[in-house]
Amino acid sequence: MGRAEERRARQRGGRRAAPPTRSSGMESSEAEPTVIGGRAAARRAAQGKGRSKAKGKAGKDGRSFIRRLFTWKKIVGTFFALCLLGMGAFVALYMMISIPDGGNPDATLQSNVYKYSDGTLLTRDGQKNREIVDLSKVPKPVQHTFVAAENKTFYEDNGVDLRGTARGILNTLSGKGAQGGSTITQQYVKNYYLTQNQTVSRKLKELVISLKLDRTKSKDFILAGYINTSYYGRGAYGIQAAAQAYYHVDAPKLSVEQGAYLAALLQAPNQYDWAIASDTGRKLVQARWNYVLDNMVEKNWLDKAKRADMKFPTPKAPKAAPGMGGQTGYLVDAANNELAKQLVSEGKSDNVNDALTAIKAGGWTITLNIDRKKQAALEKAAKTQLTSKLDKKKRKVDGNVQAGAVSVDPKSGGVVALYGGTNYFDHYSSNASRRDYQVASTFKPVILATALADQAQTQSGQEITATTTYDGTSGRQVVDHGTKVGFGPPNEDDTNYGKITVQKAMDYSVNSVFAQMGVDVGMGKVLKVAGQLGMDTAGLKPVPAQTLGSMGASPMEMAGIYATFANHGKKVTPTVIKSAEQGSRTEQMPDPIGGQVISREAADTVTSVLTGVVDDGTAKKSVANNPARNGQQVAGKTGTSDNNKSAWFTGYTPDLVTSVGLFGEDAKPPHPQVPLTGATGLIPGSGRINGGGYPAQIWAEYMFGVTKSNNKFDLETTQGAAVQPTWTPTVTQTPSRTPSQSPTTEKPTETPSQTPSRTPTQTPTQTPTQTPTQTPTQTPTTPTDPLNPNGQ
């Protein structure tokens, strides 16, 4: 045997000694790959050992501590253990919780009690507006509308929606409120056996009771309970009351279309009530109505061809509940809405609809800030000054006139009187809180307040005060730092005033002046201050046209803004409720008086300027010269929209603020806005109703009958019409002639400079240093209102 053969023999011996490996991918009889495979395995073992050292100490099997701790067996075992634990806990809950013998206290309460501020009874909400009807009397297709709307699987499920309930619990724990679906059974259990509180314990009880109820009661029993206990809006509980409230029929006579609307209502009764719904609300309820009927087709409860022919059944005008006629219904609704918002703000309810449902379940004793005598006086003033003069049989426009008013104590913020319309039976929604009409020139004081608070300047660098001069030319183009903005509003009757002070511009509501002032100050700043004062400016983009009050606001809002002026710049939020109690619980209402919104000097200056509107301007005839005035000092502002769809007077004495608005609303559905022009037939000429007319007349009769005489404003300002001069003006020239005939109606372009605009009512503190060379034998006179000869 040669050396080569001996070497091969040794190699074969080595191959036989080496263990076979998978990595070679060959049979062990193939010599060379086996040797190579053995070396590769050794290399990988060495590398694995290095990595184990890098990651930490490994176990005997080469795995790290983390991998040994979280094995799939342990994870699966833990999961099943938690499931068993949860199941055990649920079984325990199921054994502990039983179906209550009767409904919860809220479900059996029968009325709310509403009182005047002195504790005397305003009204009781009466017996619960609910009449239980047997399910057999409700047409089967109408029954199906509720199932299609709320719970398509109602007849097949076990009474609960585990996914929806779990989502609701998680949302409650995370603070997101009530979200996620519930079955009809769960909703009935919540309404009748439990409460509306959004807590985990309530949701768990709801789940258990629903499961037990579904096992022990028929589906018809549950459905009957659900449709008989649910709240449908308009004070109606149960399907019978709802049928009467919306369609003036009994439940057995409801059509499928009508039933689908009532079923759709349950999602948001107040938002979807056709009589008071916004355009968005009406679109949403129609979409919901279609959803209900389409689900019925899907479930084979409604023929597809019949469904295609169905039209939306517009609900009839609402009928007020007994005892809610006149102004009472408006007062009750205002109190309920205010309380509902408070419950939502405190987290005691998820939304206003749910809160109203809870309130109307009854048991509340609510004392209002409404003063009985002032309320009666406001109602009387509206009747004598306006509604008694309307005759819709003679004039169609008379049937389109709506009036609203709110009276607020600026020291306490309490709403002491409220006028929502002629009758709650005739006009369901309150004109006192509607905000769909332009506020017109009553917005101008907000522009001035912003200028004073911000110490704004004209574009020529002059600080804006009551004596700042502007160009009052009608239609003058507004300029922003040399560039015309494309806005030039005309003045009333297209009157040109020429150079005019801010005071006079406010007195005569000169549009061209305030359009320019708004741009000088910055409409963004103006809207910000308006929001701080109490106007809802959310979503409004600042544009020059807003200087004319093109935005909507309610008499309630305007009363709050002017009350803040009267309260020296401290925020006043008009508040209807004095106290609210349910059983032993007293609801804590927020303080109506807030912090300083604008400086006292700015607020007091606005008040001072607004006294000129009354004594020298557009409200002179109806307010300043009113025979009922007994020395009261008054500040206020008129407002008339350019198309005469609204007319306003908002004003105040030192102790009371009242805003009165007139709105043109077509008496026929869908009640579009229409002009007021020609109403009552008593206004000569064009028949245009201005803020200085009926609104100011209503205001004057009411205010001068309930406010103190000779009350004076306590003002810290050196500006405005209310500030008396400290010297007596000296006549340096004898008038060229003494007027000997009646004033003409010609409108001068400037106010006469020789005659003071107001006669001082206080004794001068200084004696003039010069005596006039001649004393006129007769005081020169000018037209009654030189810049407003028509008394508008």
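What comes next is a walk through the structure. This one's a predicted model, so the numbers in the text were calculated from it and none came from an experiment.

What counts, and at which threshold
Residues numbered from 1 in each chain as written. Predicted model: local features only at pLDDT ≥ 70, side-chain atom pairs only at ≥ 80, totals over all residues. Heavy atoms only, no water. Axes fitted to C-alpha atoms, helices over the stretch in contact; angles between N-to-C directions. Helix = DSSP H or I, 4+ residues; strand = E, 2+ residues; numbered from the N terminus. Parallel < 35°, antiparallel > 145°, perpendicular 65-115°, else oblique. Contact = heavy atoms within 4.5 Å. Nonpolar A, V, L, I, M, F, W, Y, C, P; charged D, E, K, R; others polar. Buried < 20%, exposed > 50% of the residue type's maximum accessible area, 1.4 Å probe, protein only. 1 Å grid on protein atoms, 1.4 Å probe; cavity = no way out; pocket = protein on both sides within 12 Å on 5 of 7 lines; lining within 4 Å. Points joined across faces, edges and corners; volume = space filled by probe spheres on them. Left-handed = near helix turned anticlockwise from the far one by under 90°. Phe/Tyr/Trp six-rings, centres within 6.5 Å; stacked < 30°, edge-to-face > 60°. Lys NZ or Arg CZ within 6 Å of the ring centre and 35° of its normal.

The geometry of a pair of packed helices is captured by two quantities: the angle between their axes and the separation between those axes. The geometry of helix H19 (residues 444-454) relative to helix H22 (residues 523-533) is characterised by a closest axis approach of 9 Å and an angle of 105° between their N-to-C directions. If you check the angle between H19 and H22, you find them roughly perpendicular. For the pair H19 and H22, contact is made by Val446, Ile447, Thr450 and Asp454 and by Lys525, Val526, Val529, Ala530 and Leu533, respectively. Here the residues of the contact of H19 with H22 sort into 6 nonpolar, 1 polar and 2 charged.

Attention now moves to the environment of lysine 708. As for its placement among the helices and strands, lysine 708 is situated in the segment after helix H26 (694-706). By relative accessible area, which is 58% here, lysine 708 ends up exposed. Expressed as a C-alpha distance, the spacing of lysine 708 and proline 654, which sit 54 residues apart in the sequence, is 9.0 Å. Setting aside residues no more than four positions away along its own chain, lysine 708 makes contact with Gln632 and Asp655.

Enumeration over the complete set of coordinates arrives at 1 cavity of 30 Å³ or more. Within this model, the largest cavity holds a volume of roughly 30 Å³. Taken together, Leu378, Ala382, Ala403, Gly404, Ala405, Tyr419, Val660 and Ile698 make up the full set of residues lining the largest cavity. Contributing elements (two or more residues each) for the lining of the largest cavity: helix H18 (372-385) and strand S4 (401-408). With 3 residues, the top contributor of residues to the lining of the largest cavity is S4. Looking at the lining of the largest cavity residue by residue, the classes come out as 7 nonpolar, 1 polar and no charged.

Closest axis-to-axis distance for the H18/H26 pair is 9 Å, and the angle between their directions is 145°. Both H18 and H26 take part in a crossing whose hand is right-handed. Contacts from Lys374, Ala377, Leu378, Lys380, Ala381, Ala382, Thr384 and Gln385 in H18 reach Tyr694, Gln697, Ile698, Glu701, Tyr702 and Val706 in H26.

In this section: the packing of aromatic side chains. Following the criterion strictly, the structure yields 20 aromatic pairs and no others. Note on tryptophan 289 and phenylalanine 312: the rings are 5.5 Å apart at their centroids and 80° apart in plane angle, and the pair reads as edge-to-face. Here tryptophan 289 is found in helix H14 (residues 279-298), whereas its partner phenylalanine 312 is found in the loop between helix H15 (304-309) and helix H16 (328-345), with 23 residues between them in sequence. Grouping residues by exposure puts tryptophan 289 and phenylalanine 312 together as buried. Judged by centre distance (5.4 Å) and plane angle (40°), the ring pair of tyrosine 424 and tyrosine 428 falls under tilted. On the basis of relative accessibility, which here comes to 17%, the residue tyrosine 428 falls in the buried class. An aromatic cluster is present here, built from Tyr246, Tyr247, Tyr261, Trp274, Trp289 and Phe312 joined pairwise through their rings. Sitting above the plane of the phenylalanine 221 ring, lysine 217 keeps its charged end 4.9 Å from the centroid. In this structure, lysine 219 is placed above the aromatic ring of phenylalanine 154, and the distance from its NZ or CZ to the ring centre is 4.7 Å.

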